[in-house]
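So you can see what is in the structure, the chains are spelled out below.
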Amino acid sequence: MALISKGERKREPGRRGQTHCQCPLFHVKIQVVNYAPFTLLPSAVPRALFEQAYAVQQDFNLLVDAISQNKEFLGQTLASTIKVDDFTAQLFRIYMQVLEEGLAQTVFLGINRSDYMFDCGLDGTAALRQIEINTIAASFGGLTSRTADVHGLVLKVLGKTEEASRLLPNNPAKGLALGIAKAWELYGSQRAVVMFLVEEIQRNIFDQRCVENELWSRNIRVIRKRFRDVFEQGSLDASRRLYMDGQEVAVVYYREGYVPQNYDQQNWEARLLLERSRAVKCPDIATQLAGTKKVQQELSRPGTLEKLLPGRPEAIARMRATFAGLYSLDEGEEGDMIAATAIADPDRFVLKPQREGGGNNLYGEELRQVLEKIKDSPERTSYILMDKIKPQPALNYLLRAHSPLQVSECISELGIFGVYVRQGQELVLNQAAGHLLRTKAIEHADGGVAAGVAVLDTPYLV
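Please read these numbers as outputs of a predicted model, since none were measured by experiment.

Student: Could you clarify how one ought to interpret the packing of helix α2 (residues 57-68) against helix α15 (residues 313-320) in this entry?
Tutor: A pair of packed helices is characterised by two quantities: the angle between their axes and the separation of those axes. Two elements in contact, α2 and α15, have axes whose closest approach is 9 Å; the angle formed by their N-to-C orientations is 105 degrees. Overall, the two elements α2 and α15 adopt an arrangement that is roughly perpendicular. Together, D59, F60 and L63 of α2 and A315, R318 and M319 of α15 make up the contact between the two elements. Taken together, the residues of the contact of α2 with α15 sort by class into four nonpolar, no polar and two charged.

See below:
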């Protein structure tokens, strides 16, 4: 398992060939490869909660797909947010522009990851509580496909052969590739390629390569491009087929585009070109909007799920059983009351902005200070509040490159990957595609593996 980061090193002044030359004519591109951080041992996960998370994933796939097709719901839910959050507003503008022109896309692919923690009640019993559902660039499906083998070997070395045999097989990379391959097939052109839309600096390339290699094994050609490549090389024909440097693109698989820093004016223009195209976007912009925190909060309101998924009471009950308390900070009496409650008792809550990628949430005193500052401002509508989940810590060792090895009190977060494909109104694929367990020391309130806080783990069911 490895993560890669690219950097640039200037040579210092001196003769040609000396690595200390800093003449502006000489710039040496370097690549630094580190192993992905992981726990020394697998972590205990309650079997019943693990199975509950898997059992509800197809329901969440259906829900995300339903939201993405509901213009009225997205418009009403995000109305206050887009007034104060420029990033969400720009996504929404592209969404509306594409709808007004008319969708060229007929095949829809969703790859999401629903993340949970295990909330420990006063009586010591644990409950599954959803943190969020990631609908764009849900990562680590590749690297986590390898962690069970790593932990199995560690347990065998420790003489725990029986325990090693109990670790569950897990291959999200194969499941994600299955969805992409199905969308590529339904697009209907054997010559077309799958395009991974990737970052300028690719810190998680080997995770992506696992999915990419699965596609190559199915004889599906993959290209890797950045937003600026799309701006410079991308074009649409009269039928709005997408071409990159002369190659027709069947599927665009986003591994970036989820934070404001990914965009300048050219990148926004590239995003609009992609959204207008016939290519299958994973996700299309409506599905990205379906994953916003404001939508998550709105789903917790009584009656909302019933409107989105009529006639599915069992699925609704399964999803609602995983919800934590979620609260709107929209202007009005309801928002005023919950803001005042959170300021008075900030340790009960998490303040969440409309951002993905980890490391954005606010807790404790920082939460109180921010809410005090914005409590009387429309800016508060760009956030939601969620009840703080309190898991039971456990001991483990966290292995990171260039870091000392020491035992830590840790908490874990379980993610279930979901994949669905829809052609027109027909759902042709809907399944859970594997799991991801991430573990971090309890002193870190927020942040995932990519943020340098959590590490990869394997569930040991108890």
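The structure having been displayed, the exposition proceeds.
Student: Which parts of the structure should I look at to understand a nonpolar patch on the surface?
Tutor: Where nonpolar side chains cluster on the molecular surface, the patch consists of L395, Y397, L405 and V407 and spans about 400 Å² of accessible area. Within the secondary structure, L395 is located in strand β16 (residues 394-399).

Student: Explain the environment of D85 to me, please; I cannot follow it from the model alone.
Tutor: With respect to the element layout, D85 can be found in the loop between α4 (81-84) and α5 (86-101). Looking at D85, the relative accessible area reads 6%, which means it is buried. Placed 36 residues apart in sequence, D85 and G121 show a C-alpha to C-alpha distance of 35 Å. Filtering out sequence-adjacent residues up to four positions away, D85 remains in contact with Q354, R355 and S382. From its side chain, D85 meets the backbone nitrogen of T88 in a polar contact 2.8 Å long.

Student: Mind showing me how you'd approach the pattern of salt bridges here?
Tutor: Where charged atoms of side chains with opposite charge meet at close range, the side chains can pair. A complete count under the given rule lists 29 salt bridges for this structure. E200 is paired through a salt bridge with R228; the nearest N and O atoms lie 3.0 Å apart. Here E200, found in the loop between β7 (193-197) and α9 (205-217), pairs with R228, found in helix α10 (residues 227-233); they are 28 residues apart in sequence, far enough to count as distant. On the basis of relative accessibility, which here comes to 41%, the residue E200 falls in the partly exposed class. Through salt bridges that share partners, R113, D115, E413 and R438 make up one connected network.

Student: What is the right way to look at the sheet that holds strand β15 (residues 383-387) in this model?
Tutor: The strands making up a sheet associate through backbone hydrogen bonding, with each pair oriented either parallel or antiparallel. Strand order in this open sheet of three strands is β13-β15-β14, and the pairing throughout is antiparallel. Pairing within the sheet leaves two strands with one partner each, and these edge strands are β13 (326-328) and β14 (349-353). With direction set aside, neighbouring strand axes in the sheet form an average angle of 30 degrees. Sheet analysis places β14 next to β15, joined by five bridges and oriented antiparallel. Across the sheet, the residue bridging to K352 is I384, located in β15. Across the sheet, helix α16 (residues 333-344) lies against β13, β14 and β15, angled at about 125 degrees from β13, the strand it touches most. The strands that helix α17 (residues 364-374) touches are β14 and β15; relative to β14, the one it contacts most, it runs at about 60 degrees.

Student: Sorry, what's going on with the packing of helix α8 (residues 172-187) against α9 here?
Tutor: Two numbers describe how α8 lies on α9: the axes approach to 9 Å, and their chain directions differ by 55 degrees. One finds that α8 runs oblique with respect to α9. Where α8 crosses over α9, the two elements pack in a sense that is right-handed. Contacts between α8 and α9 involve A173, K174, L176, A177, I180 and A181 on the former and, on the latter, C210, V211, E214 and L215.

Student: Explanation requested: the pairing of strand β8 (residues 222-225) in the structure shown.
Tutor: Put simply, side chains in a regular strand alternate between the two faces of the sheet. Burial along β8 is two-sided: V222 and R224 facing one way and I223 and K225 facing the other are all buried. In this sheet, β8 lies alongside β7 in parallel orientation, the contact comprising four bridges. Bridging from a neighbouring strand, F196 pairs with R224 of β8. Read from β7 through α9 to β8, the crossover connection turns out right-handed.

Student: What am I meant to see in the layout of surface pockets here?
Tutor: Rolled over the atoms, a probe sized like a water molecule indicates the empty space that remains. In this model, the second largest pocket occupies a volume close to 300 Å³. As for the second largest pocket, its lining consists of 18 residues, and the residues nearest its centre are A44, F118, Q392, P393 and A394. Broken down by secondary-structure element, the contributors of at least two residues to the lining of the second largest pocket are β4 (43-45), β5 (107-120), β16 and β17 (407-423). Residues of the lining of the second largest pocket, tallied by class, amount to 12 nonpolar, six polar and no charged.

Student: It is not clear to me how the pairing of β16 should be interpreted in this structure. Could you clarify?
Tutor: Here two bridges tie strand β3 (residues 38-39) to β16, and the two strands are oriented antiparallel to one another. When the sheet's bridge partners are listed, F38 is paired in β16 with L399. Where β16 meets β17, four bridges bridge the pair, whose relative direction is antiparallel. Each bridged residue has a counterpart across the sheet, and for N396 the counterpart in β17 is S408.

Student: I would appreciate a short explanation of α2 in the present structure.
Tutor: Each α-helix winds once per 3.6 residues, and so residues spaced three or four apart point in a common direction. Here α2 contains 12 residues, and its C-alpha end-to-end distance of 17 Å stays within 8% of the 16 Å for a straight helix at 1.5 Å per residue. Here α2 has its buried residues at Q57, D59, F60, N61, L62, L63, V64, D65, A66, I67 and S68.

Student: What is the right way to look at the state of the cysteines in this model?
Tutor: Working definition of a disulfide: a covalent bond connecting the sulfur atoms of two cysteines. Here the structure, examined in full by the defined rule, presents zero disulfides. Not part of a disulfide, C282 finds its nearest cysteine sulfur in C210, a span of 17 Å. Looking at C282, the relative accessible area reads 3%, which means it is buried.

Student: Explain the nonpolar core to me, please; I cannot follow it from the model alone.
Tutor: Soluble globular proteins tend to pack their nonpolar side chains together in the buried interior. Counting residues in each nonpolar core, the largest one holds 61 residues, and the members touching the most others are L63, I67, M195, V252 and L274. Top contributing element to this core by residue count: α5, with seven residues. Contacts of L63, omitting those with residues within four sequence positions, involve L299, L305, L308, L309 and M319. If you look at the next biggest cluster of nonpolar residues, it comprises 38 residues, including A36, F38, W184 and V198.

Student: How should I be thinking about the packing of aromatic side chains in this particular structure?
Tutor: For any two aromatic rings, the description comes down to two numbers: the centre-to-centre distance and the angle of the planes. In the structure shown here, the tally under the stated rule is 10 aromatic pairs. Relative to F323, the ring of F60 has its centre 6.5 Å away and its plane inclined at 40 degrees; by these criteria the two rings are tilted. Placement of F60 in helix α2 and of F323 in the loop between α15 and β13 is noted, with a sequence separation of 263 residues between them. Summarising the burial analysis for this pair, F60 and F323 share the class buried.

Basis of the calculations
- Residues numbered from 1 in each chain as written.
- Predicted model: local features only at pLDDT ≥ 70, side-chain atom pairs only at ≥ 80, totals over all residues.
- Heavy atoms only, no water.
- Axes fitted to C-alpha atoms, helices over the stretch in contact; angles between N-to-C directions.
- Helix = DSSP H or I, 4+ residues; strand = E, 2+ residues; numbered from the N terminus.
- Parallel < 35°, antiparallel > 145°, perpendicular 65-115°, else oblique.
- Contact = heavy atoms within 4.5 Å.
- Nonpolar A, V, L, I, M, F, W, Y, C, P; charged D, E, K, R; others polar.
- Patch = residues over 30% accessible without salt bridge, like charges linked within 9 Å, V, L, I, M, F, W, Y side chains within 5 Å.
- Areas by Shrake-Rupley, 256 points an atom, 1.4 Å probe, with all protein chains shown as cover.
- Salt bridge = Lys/Arg side-chain N within 4 Å of Asp/Glu carboxyl O.
- Buried < 20%, exposed > 50% of the residue type's maximum accessible area, 1.4 Å probe, protein only.
- Polar contact = N/O pair within 3.5 Å; in protein donor to acceptor, adjacent residues only side chain to side chain.
- Pairing = 2+ DSSP bridges.
- Left-handed = near helix turned anticlockwise from the far one by under 90°.
- Right-handed = clockwise from strand over helix to strand, strands pointing away.
- 1 Å grid on protein atoms, 1.4 Å probe; cavity = no way out; pocket = protein on both sides within 12 Å on 5 of 7 lines; lining within 4 Å.
- Points joined across faces, edges and corners; volume = space filled by probe spheres on them.
- Expected span 1.5 Å × (residues − 1).
- Disulfide = S-S within 2.5 Å.
- Core = buried A, V, L, I, M, F, W, Y, C linked by side-chain atoms within 4.5 Å.
- Phe/Tyr/Trp six-rings, centres within 6.5 Å; stacked < 30°, edge-to-face > 60°.

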